[in-house]
Amino acid sequence: MGEEKKAVDDVCACCRHKSTPRDAGEQKNLQNRINRIIGQLKGIQGMIEDNRYCGDVLVQIGAVESALQSLGYVILAEHMMTCVAEGVQQGNTEILAEAVELMKKIK
């Protein structure tokens with residue numbers, strides 16, 4: 001079963017890992033951002049449960065969207081400086097097309 005799992009990992013894009021791991025500071029920064037976003041989402045959930053004014057809820061939704069987009073840009077910058085740069089150095093120019101597609105996805 002171990003070899004079967006490995007074969008799936010090799011082809012599953014969601015199972016890939018970075019060649020160069022994030023350092024502890026980067027990891028902590030990303031986790032802090034994610035925790036703040038989770039807190040904002042829980043706040044929105046509470047606002048809806050409390051039947052709060054729609055405009056106030058929408059303002060908070062906009063804040064969450066902005067926080068997610070900011071997180072995406074941080075991850076994209078890291079991706080470009082590590083994964084993409086390493087891929088190009090190793091002769092993998094296809095990673096450039098992947099990077100462009102990722103940029104489109106996060107707007």
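All figures in this text were calculated on a predicted structure; none of them were measured in a lab.

A.B. asks: So what about the overall build of the chain? Which residues, and what values?
C.D. replies: A tally of helices and strands in the chain yields four helices and zero strands. Each of the 107 residues in the chain was classed as buried or not, and the buried ones make up 17%. For the chain, contacts bridging at least 24 residues in sequence account for 56% of all contacts bridging at least 6. As presented, the chain carries roughly 8200 Å² of accessible surface, and 58% of it is formed by carbon and sulfur atoms.

A.B. asks: I'd love a proper account of the pattern of salt bridges, names of residues and values included.
C.D. replies: On inspection of all chains with the given rule, the structure shows four salt bridges. Residue Lys18 is joined to Glu78 by a salt bridge in which the shortest nitrogen-to-oxygen separation is 3.5 Å. Residue Lys18 is found in the loop between helix H1 (2-11) and helix H2 (24-49), and its partner Glu78 is found in helix H3 (residues 54-89); the two are separated by 60 residues along the sequence. Given the relative accessible area of 22%, Lys18 is considered partly exposed.

A.B. asks: Requested: an account of a nonpolar patch on the surface, with residues and values cited.
C.D. replies: A contiguous nonpolar surface patch, about 360 Å² in accessible area, is contributed by Met80, Met81, Val100 and Met103. Elements represented by at least two residues in the nonpolar patch include exactly H3 and helix H4 (94-106). Structurally, the position occupied by Met103 is in helix H4. Given the relative accessible area of 35%, Met103 is considered partly exposed.

A.B. asks: Summarise the confidence of the model for the chain; cite the residues concerned and give the values.
C.D. replies: Detailed reading of predicted coordinates is not advised where the pLDDT is low. Taken over all residues, the pLDDT of the chain has a mean of 89, while the share at 70 or more is 87%. By mean pLDDT, H1 is the weakest element of the chain at 44, and H2 is the strongest at 97. Between residues 1-11, whose pLDDT stays under 50, and residues either more than four places distant or in other chains, the model counts one contact.

A.B. asks: Tell me about the packing of H2 against H3, residues and numbers included.
C.D. replies: Where H2 meets H3, the closest approach of the two axes is 10 Å, and the angle between their N-to-C directions is 165 degrees. By the angle between their axes, H2 is roughly antiparallel relative to H3. Handedness of the H2/H3 crossing: left-handed. Residues of the contact of H2 with H3, tallied by class, amount to 16 nonpolar, three polar and three charged.

A.B. asks: Residues and numbers for H4, please.
C.D. replies: Its 13 residues place the ends of H4 19 Å apart at the C-alpha level, agreeing with the 18 Å of an ideal helix rising 1.5 Å per residue. Two residues or fewer past H4, Lys107 is found with a positive phi of approximately 70 degrees.

A.B. asks: I'd love a proper account of the layout of surface pockets, names of residues and values included.
C.D. replies: Its volume calculated, the largest pocket comes out at about 700 Å³. Residue lining of the largest pocket: 21 residues in total, with Arg16, Lys18, His79, Cys83 and Glu98 positioned closest to the centre. Breaking the lining of the largest pocket down by element, the ones donating at least two residues are H3 and H4. With eight residues, the single largest contributor to the lining of the largest pocket is H3.

Calculation criteria
- Residues numbered from 1 in each chain as written.
- Predicted model: local features only at pLDDT ≥ 70, side-chain atom pairs only at ≥ 80, totals over all residues.
- Heavy atoms only, no water.
- Helix = DSSP H or I, 4+ residues; strand = E, 2+ residues; numbered from the N terminus.
- Buried < 20%, exposed > 50% of the residue type's maximum accessible area, 1.4 Å probe, protein only.
- Contact = heavy atoms within 4.5 Å.
- Areas by Shrake-Rupley, 256 points an atom, 1.4 Å probe, with all protein chains shown as cover.
- Salt bridge = Lys/Arg side-chain N within 4 Å of Asp/Glu carboxyl O.
- Patch = residues over 30% accessible without salt bridge, like charges linked within 9 Å, V, L, I, M, F, W, Y side chains within 5 Å.
- pLDDT = per-residue confidence, 0-100.
- Axes fitted to C-alpha atoms, helices over the stretch in contact; angles between N-to-C directions.
- Parallel < 35°, antiparallel > 145°, perpendicular 65-115°, else oblique.
- Left-handed = near helix turned anticlockwise from the far one by under 90°.
- Nonpolar A, V, L, I, M, F, W, Y, C, P; charged D, E, K, R; others polar.
- Expected span 1.5 Å × (residues − 1).
- 1 Å grid on protein atoms, 1.4 Å probe; cavity = no way out; pocket = protein on both sides within 12 Å on 5 of 7 lines; lining within 4 Å.
- Points joined across faces, edges and corners; volume = space filled by probe spheres on them.

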